[in-house]
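Each chain, letter by letter, is given below.
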Amino acid sequence: MLARPFALLAALLLFLPPLIFWGYYAFAHACFSTDTMQAILQTNPAEALQYVRDAVPPARVPLLLFLLAAFALLLVWYSRIAALPAPTLKRGGASLSLLCGALLLALSSYNIYGIVAIGTARIFSAQQAFVASAPQRLTRLQGLPQDGPPGLYVLVIGESANRLHMSAYGYARDTTPWLRQIQRTPDCLLFQHAYANFVATLPALSYALTAQNQYEETDAEDATTLIEAAKAAGFHTVYLSNQGKLGLYSTPLVAIASECDEAVWLHPQQFLSKGREEKSLHIEDSDLVSALQGIETAPGSRTLLVLHLMGSHNTYENRYPEDFHPFGSETLIDRYDNSIAYTDAILQQIYDDVRQRPDFACLVYFSDHGEAVDEGYMHNGDAYRPSMTYIPLVLLASDTYRARSAAKWQTLAAHRDAYFTNDLIYDLMLSLMDIDTGDTRPENDIASPAYDATPARFRTEHGAELIVPPDAGD
Ligand SMILES: [Zn+2]
């Protein structure tokens, strides 16, 4: 006879994968994949907790309890039969039928164990190769001219901002009063057809901040990062992040940010805030605005300042102060719109800070991906929806910069309605900063007259999906 603990363990190994698969399917309406596994490995406890809280609303707690209870009963029943003293017909029959059932379930949920192993191995080797190849990438950049005009270039990375929820893009609620006003001034260009290259933060940003894109074949380890290019061209580089740093594995994004001369994570573990003792899931981007005031940018120098917002990351009500709720707090949409409105106020504060600084040149704001909030989803490639790709792209520039780069500005203005995916942020930033690394092509540079704006060529999900614009989609 099988010892009882042994039987329990066997049953656990047998029934756990289907439970995970069908549980995930029930709550996320998506199949558990290698991408899911990567996201799990790269998250941190606070982010995971927020995800579960948002994915399991109170109304669905009974379903979760039922699934867990059924799982526990199955385990107990199986281990009891398996532990019967002698081979009996009952035991044999029950065991066999359970085994067949479990195998069928496991097959239908494909191989969770395989997915776990593949996901882990893939992250590990990609990460190692990327970090290990930094010296080769830097060697290739040696000899870049370092004597351009002084300038402060600011790249603001948003989070889960869907442009269809921004009044500057025509949303009925006035969620972005500042952007709506400033886009009418000559300082601002609002791009109408920007899309995410992937609907998860890390894959999206690992393309946005490196030479990798969906339209050219470049291995991750060969892809120059925006930081490497800027440093090689004599820029002082600063990364200020309001997002978490630690996952089970350090991510390519952390590796890229760490290349900066100054890299600051205000909430390295998300639970804990820098310099404060209390643990909280509530993180507002006002922290980033305060920290920005402490960053010095010297006159006459060339600086790249990257600011990574918490933006509209779920849980939305944790992104703005308690007394800030211009659209109420009743529905998920109300709370999402509050977070968009709060980000608009934060962007105004960031712009008001940096435009006063000596040699301010440009500010670029884009979001890593959108959010399918109207369809009841967040963002998740397993449950892909085109609305997860609808992002804002905003460019603000000083008078001096616009006068100095008049032709480039005119080209950019002429491309306001052109399609763009945010893997081409690297090309845009290098073009704005007048850095020529030799690894960009004019057809991917929206600031170039040779930009190929043919809508049909644009992709998302790292090439796997065609772009579906809002009017054609949903
Ligand atoms: Zn994101």
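Residues numbered from 1 in each chain as written. Predicted model: local features only at pLDDT ≥ 70, side-chain atom pairs only at ≥ 80, totals over all residues. Heavy atoms only, no water.

The protein appears in an unreviewed UniProt entry as Phosphoethanolamine transferase from Selenomonas bovis.

Chemist: An account of the overall build of the protein is requested, with residue identities and associated values reported.
Modeler: Across its full length, the protein carries 16 helices and eleven strands. Out of the 474 residues in the protein, the part that is buried amounts to 53%. Long-range contacts, defined as pairs at least 24 residues apart, comprise 76% of the intrachain contacts of the protein with a sequence gap of at least 6. Total accessible area computed for the protein in this model is approximately 20400 Å², and 60% of it derives from carbon and sulfur atoms. (Helix = DSSP H or I, 4+ residues; strand = E, 2+ residues; numbered from the N terminus. Buried < 20%, exposed > 50% of the residue type's maximum accessible area, 1.4 Å probe, protein only. Contact = heavy atoms within 4.5 Å. Areas by Shrake-Rupley, 256 points an atom, 1.4 Å probe, with all protein chains shown as cover.)

Chemist: Outline the coordination of the zinc ion, supporting the account with residue identities and numerical values.
Modeler: Distances from the zinc ion to its protein donors, Glu-159 (OE), Glu-159 (OE), Thr-201 (OG1), Asp-368 (OD) and His-369 (NE2), fall within 1.9 to 2.7 Å. Between consecutive donor residues of the zinc ion, the sequence gaps follow E-x41-T-x166-D-H. Of the two residues, Thr-201 is situated in helix H9 (residues 201-208) and His-369 in the loop between strand S7 (360-367) and strand S8 (393-397); the sequence distance between them amounts to 168 residues. Each member of the pair, Thr-201 together with His-369, is buried. (Donors = N, O, S within 2.8 Å, 3.2 Å for Na, K, Ca; no water.)

Chemist: Mind laying out the pattern of salt bridges, listing which residues take part and the relevant values?
Modeler: In the structure shown here, the tally under the stated rule is 14 salt bridges. The salt bridge involving Arg-335 is made with Glu-317; its shortest N-O contact spans 3.3 Å. On the criterion of sequence distance, the pair formed by Arg-335 in helix H13 (residues 332-355) and Glu-317 in the loop between strand S6 (302-308) and H13 is long-range, its members being 18 residues apart. Arg-335 gets classed as buried once you look at its relative accessible area, which sits at 18%. (Salt bridge = Lys/Arg side-chain N within 4 Å of Asp/Glu carboxyl O.)

Chemist: Report on unusual backbone geometry, specifying residues and quantitative values.
Modeler: With an omega of 0 degrees, the peptide bond between Asn-314 and Thr-315 qualifies as cis. In this structure, Thr-315 sits in the loop between S6 and H13. Even without a glycine there, the phi angle at Asp-359 is positive, about 65 degrees. Tracing the sequence through the fold places Asp-359 in the loop between H13 and S7. Despite not being glycine, His-462 has its phi angle at roughly 50 degrees, a positive value. Relative to the assigned elements, His-462 resides in the loop between strand S10 (459-460) and strand S11 (465-466).

Chemist: Explain the environment of Asp-452 to me, and be specific about the residues and the numbers.
Modeler: Note that Asp-452 resides in the loop between helix H16 (425-432) and S10. Accessibility expressed as a relative area gives 28% for Asp-452, which makes it partly exposed. Along the backbone, Asp-452 and Pro-442 are ten residues apart, and their C-alpha atoms lie at a distance of 8.2 Å. With residues up to four places along the chain from it excluded, the contact list for Asp-452 reads Glu-443, Arg-457 and Phe-458. Within the structure, Asp-452 has its side chain in polar contact with the side chain of Thr-454 (distance 2.5 Å). (Polar contact = N/O pair within 3.5 Å; in protein donor to acceptor, adjacent residues only side chain to side chain.)

Chemist: Mind laying out the layout of surface pockets, listing which residues take part and the relevant values?
Modeler: The space that makes up the second largest pocket amounts to roughly 440 Å³. If you go around the second largest pocket, you meet 22 residues; those closest to its centre are Asp-54, Ala-55, Gly-376, Tyr-377 and Met-378. For the lining of the second largest pocket, the elements supplying multiple residues, two or more each, are helix H1 (4-28), helix H3 (45-55) and H13. The element that contributes the greatest number of residues to the lining of the second largest pocket is H3, accounting for four residues. (1 Å grid on protein atoms, 1.4 Å probe; cavity = no way out; pocket = protein on both sides within 12 Å on 5 of 7 lines; lining within 4 Å. Points joined across faces, edges and corners; volume = space filled by probe spheres on them.)

Chemist: Can you lay out the side chain of His-267 for me, pointing to particular residues and giving the numbers?
Modeler: One can find His-267 in the loop between strand S5 (262-265) and helix H12 (286-293). Its relative accessible area of 1% is what places His-267 among the buried residues. At 3.0 Å, the side chain of His-267 forms a polar contact with the side chain of Asn-242.

Chemist: So, H13: which residues are in play, and what are the values?
Modeler: The first and last C-alpha atoms of H13 sit 34 Å apart over 24 residues, in line with the 34 Å expected at 1.5 Å per residue. Of all 24 residues making up H13, 17 are buried, and the element is well covered by its neighbours. (Expected span 1.5 Å × (residues − 1).)

Chemist: Please provide a residue-by-residue account of the pairing of strand S2 (residues 188-191), values included.
Modeler: Alternating residues of S2 divide into Cys-188 and Leu-190 and Leu-189 and Phe-191, and every residue in both groups is buried. Bridge analysis of S2 against S8 gives four bridges, and the strand direction is antiparallel. Of the residues in S8, the one forming a bridge with Phe-191 is Leu-393. (Pairing = 2+ DSSP bridges.)

Chemist: I'd love a proper account of the nonpolar core, names of residues and values included.
Modeler: Counting residues in hydrophobic clusters, the biggest one holds 64 residues, and the most contacted among them are Leu-155, Leu-304 and Ile-425. Take this core: its biggest share by element is six residues, from H16. With near-sequence residues (within four places) excluded, Ile-425 lies in contact with Leu-155, Ala-208, Val-364, Phe-366, Leu-393 and Phe-420. (Core = buried A, V, L, I, M, F, W, Y, C linked by side-chain atoms within 4.5 Å.)

Chemist: Now, about a nonpolar patch on the surface: what can you tell me, with residues and values included?
Modeler: Taken together, the side chains of Leu-9, Leu-12, Leu-13 and Tyr-113 present a nonpolar region at the surface, about 360 Å² in accessible area. The element contributing the most residues to the nonpolar patch is H1, with three residues. Secondary-structure assignment places Leu-9 in helix H1. For Leu-9, a relative accessible area of 46% puts it in the partly exposed group. (Patch = residues over 30% accessible without salt bridge, like charges linked within 9 Å, V, L, I, M, F, W, Y side chains within 5 Å.)

Chemist: Quick one: what's the story with the packing of H12 against H13, residue by residue and with numbers?
Modeler: Two elements in contact, H12 and H13, have axes whose closest approach is 10 Å; the angle formed by their N-to-C orientations is 5 degrees. Here H13 runs roughly parallel to H12, going by the angle between their axes. Along the contact surface, H12 presents Ser-286, Leu-288, Val-289, Leu-292 and Gln-293, while H13 presents Tyr-342, Ile-346, Gln-349, Ile-350, Asp-353 and Val-354. When the residues that make up the contact of H12 with H13 are grouped by side-chain class, the tally is seven nonpolar, three polar and one charged. (Axes fitted to C-alpha atoms, helices over the stretch in contact; angles between N-to-C directions. Parallel < 35°, antiparallel > 145°, perpendicular 65-115°, else oblique. Nonpolar A, V, L, I, M, F, W, Y, C, P; charged D, E, K, R; others polar.)

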